[in-house]
Amino acid sequence: MEKANRIRANVRLALCALGIIVLSACGGSGTGGAESEPWDGHLHDASVQASGNATIAADPVTQGFTPSPGNGLSVSFQDPVSEISSIDDFIGAQWEHMQTCLMVSAQEPVIIVVDGKLEPTGLTDDVVRHIDGQIQASSHVTDTSATIQVSAQDFDGSLGSEGAYLRSIMGRYLWLANGLAERDYPYKCANG
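Residues numbered from 1 in each chain as written. Predicted model: local features only at pLDDT ≥ 70, side-chain atom pairs only at ≥ 80, totals over all residues. Heavy atoms only, no water.

**Details of the overall build of the protein**
Here's step 1: From N to C terminus, the protein includes three helices and five strands.
Here's step 2: Starting at the N terminus and ending at the C terminus, the protein contains elements arranged as α-β-α-β-β-β-β-α.
Here's step 3: Per-residue burial over the protein gives 34% buried out of 192 residues.
Here's step 4: In the protein, 63% of the contacts between residues at least 6 apart in sequence involve partners at least 24 apart. (Helix = DSSP H or I, 4+ residues; strand = E, 2+ residues; numbered from the N terminus. Buried < 20%, exposed > 50% of the residue type's maximum accessible area, 1.4 Å probe, protein only. Contact = heavy atoms within 4.5 Å.)

Right under this line is the structure:
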């Protein structure tokens, strides 16, 4: 009789353990772990929300996403002699491309094309460096504005693919302005 009671107790214990394992595997914690967290297009900083008719998608993979047109970007040149309207058009096209690829929008930044050594505006600026360590692009974001600086060399192809540093810093700006995790940033978008 005692042997039968021990067997029943062991069977109950084994079934309880099995039940807990099955519930843990199937049910999870119910809090929506990291893998089930939806991407939200809400900005953590309201000052960098999209302007004009730009919309921020509630889900970055929404098919109805429409980027804000790049023809509203303010582009200036550190060296007025180097002003070329085709660069303005190219920069606008890259802005639209990066929004479309990433499926997010943000306030349109002021773009400054720098001829010579590029110095970030502030200590906390996001920067993109060439393999030699030289800064080729930077973004400076405040509560009310955003500025992107990019080296003029980025447009002549001497540093690699034309506009690669511009696309890279634009993409990082868009991604971070929307409060999205840097580890999830799709770097392929900057390839053009």
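**What to know about the pairing of strand S5 (residues 146-151)**
Here's step 1: Burial of S5 is extensive: six of the six residues sit out of reach of the surface.
Here's step 2: With burial as the criterion, each face of S5 is covered, one bearing Ala146, Ile148 and Val150 and the other bearing Thr147, Gln149 and Ser151.
Here's step 3: Bridging between strand S2 (residues 110-114) and S5 involves five bridges; their strand directions are parallel. Pairing of Ile111 across the sheet is with Ile148, part of S5.
Here's step 4: Alignment of strand S4 (residues 135-141) against S5, held across five bridges, turns out to be antiparallel. Note that in S5 the partner of Ala137 across the bridge is Val150.
Here's step 5: The hairpin turn running from S4 into S5, its antiparallel successor, is four residues long. (Pairing = 2+ DSSP bridges.)

**A look at the packing of aromatic side chains**
Here's step 1: Tallied over the entire structure, the rule returns four aromatic pairs.
Here's step 2: Here Trp175 and Tyr185 contribute two aromatic rings whose centre-to-centre distance is 5.8 Å and whose plane-to-plane angle is 70 degrees, an arrangement assigned as edge-to-face. Within this pair, whereas Trp175 is found in helix H3 (residues 164-177), its partner Tyr185 is found in the segment after H3, the two being separated by ten residues in sequence. Considered together, Trp175 and Tyr185 belong to a single accessibility category, that of buried residues.
Here's step 3: In this structure Tyr185 comes out as buried when scored by relative accessible area, which is 6%.
Here's step 4: Members of the aromatic cluster, each reached through a chain of ring pairs, are Trp175, Tyr185 and Tyr187. (Phe/Tyr/Trp six-rings, centres within 6.5 Å; stacked < 30°, edge-to-face > 60°.)

**So, the environment of Ile169**
Here's step 1: Structurally, Ile169 can be placed in helix H3.
Here's step 2: With 31 residues separating them along the chain, Ile169 and Ser138 place their C-alpha atoms 6.5 Å apart.
Here's step 3: When sequence neighbours within four positions are dropped, the list of residues in contact with Ile169 reads Asp126, Val127, Val128, Ala137, Ser138, Ser139 and Ile148.

**Quick notes on the pattern of salt bridges**
Here's step 1: Going through the model one piece at a time under the given rule, you end up with three salt bridges.
Here's step 2: One salt bridge connects Glu119 with Lys117, and the closest N-O pair in it is separated by 3.6 Å.
Here's step 3: With relative accessibility at 47%, the residue Glu119 sits in the partly exposed group.
Here's step 4: Of the residues examined, Lys117 reaches a relative accessible area of 61% and is grouped as exposed.
Here's step 5: Close ionic contact of Glu182 with Arg172 constitutes a salt bridge, the shortest N to O distance being 2.9 Å. Taken as a pair, Glu182 in the segment after H3 and Arg172 in helix H3 lie far apart in primary sequence, ten residues in all.
Here's step 6: Residue classification places Arg172 among the buried positions, given a relative accessible area of 16%. (Salt bridge = Lys/Arg side-chain N within 4 Å of Asp/Glu carboxyl O.)

**Some words on the sheet that holds S2**
Here's step 1: Overall, mixed pairing links the five strands, which are arranged S1-S2-S5-S4-S3 in an open sheet. Taken across any chain shown, the strands that pair with only one partner, and hence form the sheet edges, are strand S1 (74-77) and strand S3 (126-129). Across the sheet, the axes of successive neighbouring strands diverge by a mean angle of 15 degrees, strand direction being ignored.
Here's step 2: With four bridges connecting them, S1 and S2 associate as parallel partners. Looking at S2, one finds that Phe77 is bridged to Val113. (Axes fitted to C-alpha atoms, helices over the stretch in contact; angles between N-to-C directions.)

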